[in-house]
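Per-entry structural report
Listed below are the residues making up each chain.
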Amino acid sequence: MGVRDYFKDAQLVRMSNGDYCLVRPLGLVPGGKGMKHHENLLRLTPKGIAAGVWRGLGLSRLLQRLKQQAPVEVE
């Protein structure tokens, strides 16, 4: 999954506490009278951006380890 796929259908919104975030809408809450679910992809604050960068670096390290530990074929 690439960066474009991760942020696909993302919207820039202002949260109730004043922070701006990139969110992915997930639809209506059952019985919620118009309230909507969302998945918070990235908080656009210094702390939120730093956390996103660290999360991305950790994922890339994990993928590199998995590629290096590929099973060796024995004949």
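Below or above, wherever it landed, is the structure these notes cover. Not measured: the values here are computed from a predicted model.

**Remarks on unusual backbone geometry**
With a phi close to 65 degrees, Asp9 is a non-glycine residue in the positive phi region. In this fold, Asp9 is placed in the loop between helix 1 (3-6) and strand 1 (11-14).

**Observations concerning a nonpolar patch on the surface**
Together, Leu12, Tyr20, Leu44, Ile49, Val53, Trp54 and Leu57 make up an exposed nonpolar region whose accessible area comes to about 700 Å². You can see Ile49 is positioned in helix 2 (residues 46-68). Accessibility expressed as a relative area gives 41% for Ile49, which makes it partly exposed.

**Considering the sheet that holds strand 3 (residues 36-43)**
Taken together, the three strands give an open sheet; going across it, the order is 1-2-3, and neighbouring strands pair in antiparallel fashion. Of all the strands in the sheet, just strand 1 and strand 3 have a single pairing partner and so form its edges. Between one strand and the next, the sheet's axes are offset by a mean angle of 50 degrees, whatever the strand orientation. Inspection of the sheet shows strand 1 paired to strand 2 (residues 20-28) by four bridges, in the antiparallel sense. Within strand 2, the residue paired with Arg14 across the bridge is Tyr20.

**Looking at the pattern of salt bridges**
Taken as a whole, this structure holds two salt bridges when the rule is applied. Among the salt bridges present, the one from Asp19 reaches Arg43, with a minimum N-O distance of 3.0 Å. Of this pair, Asp19 sits in the loop between strand 1 and strand 2 while Arg43 sits in strand 3, placing them 24 residues apart in sequence. Arg43 sits in the partly exposed class, given a relative accessible area of 35%. Ionic pairing is found between Glu39 and Arg24, a salt bridge with its closest N-O pair at 2.7 Å. Of this pair, Glu39 sits in strand 3 while Arg24 sits in strand 2, and the two are 15 residues apart along the sequence. For Glu39, a relative accessible area of 32% gives the class partly exposed.

Definitions and cut-offs
- Residues numbered from 1 in each chain as written.
- Predicted model: local features only at pLDDT ≥ 70, side-chain atom pairs only at ≥ 80, totals over all residues.
- Heavy atoms only, no water.
- Helix = DSSP H or I, 4+ residues; strand = E, 2+ residues; numbered from the N terminus.
- Patch = residues over 30% accessible without salt bridge, like charges linked within 9 Å, V, L, I, M, F, W, Y side chains within 5 Å.
- Areas by Shrake-Rupley, 256 points an atom, 1.4 Å probe, with all protein chains shown as cover.
- Salt bridge = Lys/Arg side-chain N within 4 Å of Asp/Glu carboxyl O.
- Buried < 20%, exposed > 50% of the residue type's maximum accessible area, 1.4 Å probe, protein only.
- Pairing = 2+ DSSP bridges.
- Axes fitted to C-alpha atoms, helices over the stretch in contact; angles between N-to-C directions.

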